[in-house]
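Spelled out, the chains give:
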Amino acid sequence: MFDSLKDKLGSFRKDVEETTEEKAEEAEAEAEAEAEATAEADATADAEADATAEAESTAEVTADAGTQAAAEPETAESEEDDSSSDRSFAQKAKSFAKGEIVIEEQDVEDPLWELEMALLESDVEMNVAKEILENIREDLVGATRSFNSETADVVEQALHDSLLKVISVGQFDFDQRIAQADKPVTIIFTGVNGVGKTTTIAKLSRYFEEQGLSTVLANGDTYRAGANEQIQEHADNLGKKLISHEQGGDPAAVIYDAVEYADSNGIDVVLGDTAGRLHTDEGLMDQLEKIGRVVDPDMTLFVDEAVAGQDAVQRAKQFNEAAEIDGAVLTKADADSQGGAAISIAHVTGKPILFLGVGQGYDDVEKFEPEELVESLLGDEE
Ligand SMILES: Nc1nc2c(ncn2[C@@H]2O[C@H](COP(=O)(O)OP(=O)(O)OP(=O)(O)O)[C@@H](O)[C@H]2O)c(=O)[nH]1
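Just so we're clear, the structure is a prediction, and the values are computed from it rather than from any experiment. (Residues numbered from 1 in each chain as written. Predicted model: local features only at pLDDT ≥ 70, side-chain atom pairs only at ≥ 80, totals over all residues. Heavy atoms only, no water.)

Participant: Residues and numbers for the site of the ligand, please.
Facilitator: Around the ligand, 18 residues are found, and the nearest of them are Lys197, Thr198, Thr199, Gln230 and Gln360. In this structure, lysine 203 approaches the ligand through a side-chain N or O atom, which is 3.1 Å from an oxygen atom. Within the side chain of glutamine 230, a nitrogen or oxygen atom sits 2.7 Å from an oxygen atom of the ligand. The protein chains hide 81% of the 660 Å² of surface that the ligand would expose on its own. Of the residues contributing to the shell around the ligand, the split by class is two nonpolar, 11 polar and five charged. (Near = heavy atom within 4 Å. Polar contact = N/O pair within 3.5 Å; in protein donor to acceptor, adjacent residues only side chain to side chain. Areas by Shrake-Rupley, 256 points an atom, 1.4 Å probe, with all protein chains shown as cover. Nonpolar A, V, L, I, M, F, W, Y, C, P; charged D, E, K, R; others polar.)

Participant: How would you sum up unusual backbone geometry? Please name residues and give values.
Facilitator: The peptide bond linking lysine 183 to proline 184 adopts the cis configuration, its omega dihedral lying at -5°. Summarising the element assignment, proline 184 is placed in the loop between helix 6 (174-180) and strand 3 (185-190). The phi angle at phenylalanine 2 is positive, at roughly 55°, despite the residue not being glycine. Structurally, the position occupied by phenylalanine 2 is in the segment before helix 1 (3-63). (Helix = DSSP H or I, 4+ residues; strand = E, 2+ residues; numbered from the N terminus.)

Participant: Can you tell me about helix 12 (residues 340-349), naming the residues and giving the values?
Facilitator: Residues spaced three or four apart along an α-helix point in a common direction, a consequence of the helix completing one turn every 3.6 residues. Most of helix 12 is tucked away, with nine of its 10 residues classed as buried. All of the buried residues in helix 12 are Gly340, Ala341, Ala342, Ile343, Ser344, Ile345, Ala346, Val348 and Thr349. A positive backbone phi angle near 80° is found at glycine 350, which sits one or two residues after helix 12. (Buried < 20%, exposed > 50% of the residue type's maximum accessible area, 1.4 Å probe, protein only.)

Participant: Which residues make up the UniProt feature "domain: SRP54-type proteins GTP-binding" (unreviewed entry) in the protein, and what values go with them?
Facilitator: Following the UniProt record, one finds the feature "domain: SRP54-type proteins GTP-binding" (unreviewed entry) at residues 352-365. Helix makes up 0% of residues 352-365 and strand 43%, with an end-to-end C-alpha separation of 16 Å. (UniProt positions renumbered as here; feature names shortened; annotations may be inferred.)

Participant: Quick rundown of the packing of aromatic side chains? Include the residues and the values.
Facilitator: In total, this model carries five aromatic pairs according to the counting rule given. A ring pair is formed by phenylalanine 302 and phenylalanine 319, whose centres lie 5.1 Å apart and whose planes are at 45°; its orientation type is tilted. Of the two residues, phenylalanine 302 sits in strand 7 (residues 299-305) while phenylalanine 319 sits in helix 11 (residues 310-322), which places them 17 residues apart along the sequence. Judged by relative accessible area, phenylalanine 302 falls into the buried class, the value being 0%. Classification of phenylalanine 319 as buried rests on a relative accessible area of 1%. Aromatic rings pair up to connect Phe174, Tyr207, Phe208 and Phe355 into one cluster. (Phe/Tyr/Trp six-rings, centres within 6.5 Å; stacked < 30°, edge-to-face > 60°.)

Participant: Break down the nonpolar core for me, with residues and values.
Facilitator: Generally speaking, soluble globular proteins have nonpolar side chains that are buried together. One finds Leu140, Phe174, Ile187, Phe208 and Ile343 to be the most contacted residues of the largest nonpolar core, which totals 92 residues. With eight residues, the top contributor of residues to this core is helix 5 (residues 151-167). If near-sequence neighbours (up to four positions away) are discounted, phenylalanine 174 is found in contact with Ile187, Tyr207, Phe208, Met299, Leu354 and Phe355. (Core = buried A, V, L, I, M, F, W, Y, C linked by side-chain atoms within 4.5 Å. Contact = heavy atoms within 4.5 Å.)

Participant: Quick rundown of the sheet that holds strand 8 (residues 327-331)? Include the residues and the values.
Facilitator: Here we have eight strands laid out as an open sheet, ordered 5-4-6-3-7-8-9-10, and mixed in their pairing. Strands at the two margins of the open sheet, each flanked by one partner only, are strand 5 (241-243) and strand 10 (365-367). Direction aside, neighbouring strands of the sheet carry axes that sit 25° apart on average. Of the strand pairs in this sheet, strand 3 and strand 6 (residues 269-274) are connected by four bridges, and their pairing is parallel. (Pairing = 2+ DSSP bridges. Axes fitted to C-alpha atoms, helices over the stretch in contact; angles between N-to-C directions.)

Participant: Account for the pattern of salt bridges, with residues named and values stated.
Facilitator: Evaluation of the coordinates by the stated rule reveals 14 salt bridges. Close ionic contact of glutamate 116 with lysine 130 constitutes a salt bridge, the shortest N to O distance being 3.9 Å. With glutamate 116 in helix 3 (residues 105-121) and lysine 130 in helix 4 (residues 126-140), this pair connects stretches of sequence that are 14 residues apart. Residue glutamate 134 is joined to arginine 137 by a salt bridge in which the shortest nitrogen-to-oxygen separation is 3.2 Å. Note that glutamate 134 and arginine 137 are positioned in helix 4 at a spacing of three residues, about one turn of the helix. On the basis of relative accessible area, glutamate 134 is assigned to the partly exposed category, the value being 39%. In this structure, a network of salt bridges that share partners links the residues Glu105, Glu134 and Arg137. (Salt bridge = Lys/Arg side-chain N within 4 Å of Asp/Glu carboxyl O.)

Participant: A description of the side chain of threonine 186 should follow, citing residues and the corresponding values.
Facilitator: Positionally, threonine 186 belongs in strand 3. Apart from the residues within four sequence positions on either side, threonine 186 is in contact with Ile255, Val259, Val270, Pro297, Asp298 and Met299.

Participant: Residues and numbers for the pairing of strand 9 (residues 353-357), please.
Facilitator: Along strand 9, five of the five residues are buried, which leaves the element largely enclosed by surrounding structure. In this structure, strand 8 lies alongside strand 9, joined through three bridges in parallel fashion. Following the sheet pairing, leucine 330 is matched in strand 9 by leucine 356. A crossover links strand 8 with its parallel partner strand 9, the connecting element being helix 12, and its sense is right-handed. (Right-handed = clockwise from strand over helix to strand, strands pointing away.)

Participant: Which residues make up helix 8 (residues 227-238), and what are the values?
Facilitator: With 12 residues, helix 8 extends 17 Å between its outermost C-alpha atoms, agreeing within 8% with the 16 Å of an ideal straight helix rising 1.5 Å per residue. Within helix 8, the full set of buried residues consists of Ala227, Ile231, His234, Ala235 and Leu238. Buried residues of helix 8 fall within an arc of 100° about the axis and therefore sit on the same side. With respect to the buried face of helix 8, the exposed residues turned more than 90 degrees away are Glu229, Glu233 and Asp236. Contacts from the buried residues of helix 8 go to helix 7 (197-210), strand 4 (215-220), strand 5 and strand 6. In the stretch just after helix 8, glycine 239 is the one whose phi turns positive, near 70°. (Expected span 1.5 Å × (residues − 1). Arc of directions from axis to C-beta.)

Below is the structure:
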C-alpha cells in the first residue's frame, strides 16, 4: 500500500540528511582549524610568559637557592594544566559547531523541490502538496541540529508533523459517534459507479457485527439492473436482512422502509446503498436530496477508490459541495501505490477519511488512522 509514495518520502529524508551532514562536517572542520589556530596562539603566548618567568626565577635562584626545588614541580603542573585546557577547548569548539548546525533555506531548497515533484507525481492534490511543503519548510528552516540528535530525526519529525496535519483534518471518533447516537443509526453511501460502495456496505456490516451492533442493508440503487441481486448475495453471505424495491422504485422509500424495519426489530444500524452517480447528474443528485429529506440520515459517506488518485479527490470535493458528506471511505487502497487520494481528500473536503478498503474480502476494511498511516509511510519496514 502506497509503496511508491513511501519511497519518495524516503528519498527526501536522505537528500536533506546528506546536505546537512555535509554542512555539519564543513562547520566541524572550520571549528577545528579555528581551535588549532587559537591553541597555537595560546602556546606562543605561554612560551613567552614561560621565558619571562624563567628569567625571573633565575634571578630569584641567585638570591635564594633554597626555593628552586619547590618552584620546579609547580612549573610542570601549570604546563599540564595548559595543554589539557587546549584539548578541552578544541572539543568544546567541535561540539559547539555540531550544536549550531542551523538548517537554512538553501540547504533544503533542492530537496523540497524534488519532494514537491514527488508528491504531485503521487497524485497529491496541488494545494495539499503546497501545504505539506510549507509546513516542512516552517519546521525545518532555522531548526538546529542538536549535538546528540541526528539530522534524520529532525527531518523525520518535520515530515511526520506536516503529513499528519493535512491527513487528519476533520477526524472524529467514528465508533464513539455510532455508539452514542440514537438507534437506529442510518448511514448512506454515495459515489460514482463501480468504486466499491456495495462491497463497502457488506464489509461495514461485518465490522459493526464485530462491535456487537446489528445491521440491515437497504438497496437504494433502484436504477441499475442487477443491483438488487448483487447486494442480496452479500446479505445472504453475511446472514443479514436486505430491504429492496423493484428496479425503478423510489430510493428514499427503500431507505425509509429499512429504517422502519430497524426500528421495529431493534436493529442498530441501517446501511443504505445508492446508485452510482456523477455530481453533475441532476436527477440522481435530486434523489440524494430526497433521501436526506425523507430519512434524515445520521451520516452520508462518500466512497471512492484510492487508485483513482486526483479524480477521486476532485469527486470528493464536488460531492461534498453538491450534497454535504460527513466522511469518506477509500477503497482499493491495497492496489494503490501512489497514496495521493489518501493524503489529499480530508484536506480538500474538510471531511475525514474514515475507512480504507484493502481487498475484496468482507474483513478487508481498516479504520483510517492518520497517525498509523504517517508512521507506515515514514517507517523502515517494507
Ligand atoms: N482490491 C479491492 N477491490 C475492491 C475493494 N472494494 C471493492 N472492490 C471490488 O471493486 C468492484 C466493484 O465493487 P462494487 O461494490 O460492486 O462497486 P459499486 O460502487 O457498488 O458499484 P455500482 O453498484 O456499479 O455503483 C468489485 O469487484 C469489488 O470486489 C477493495 O478495497 N480492494
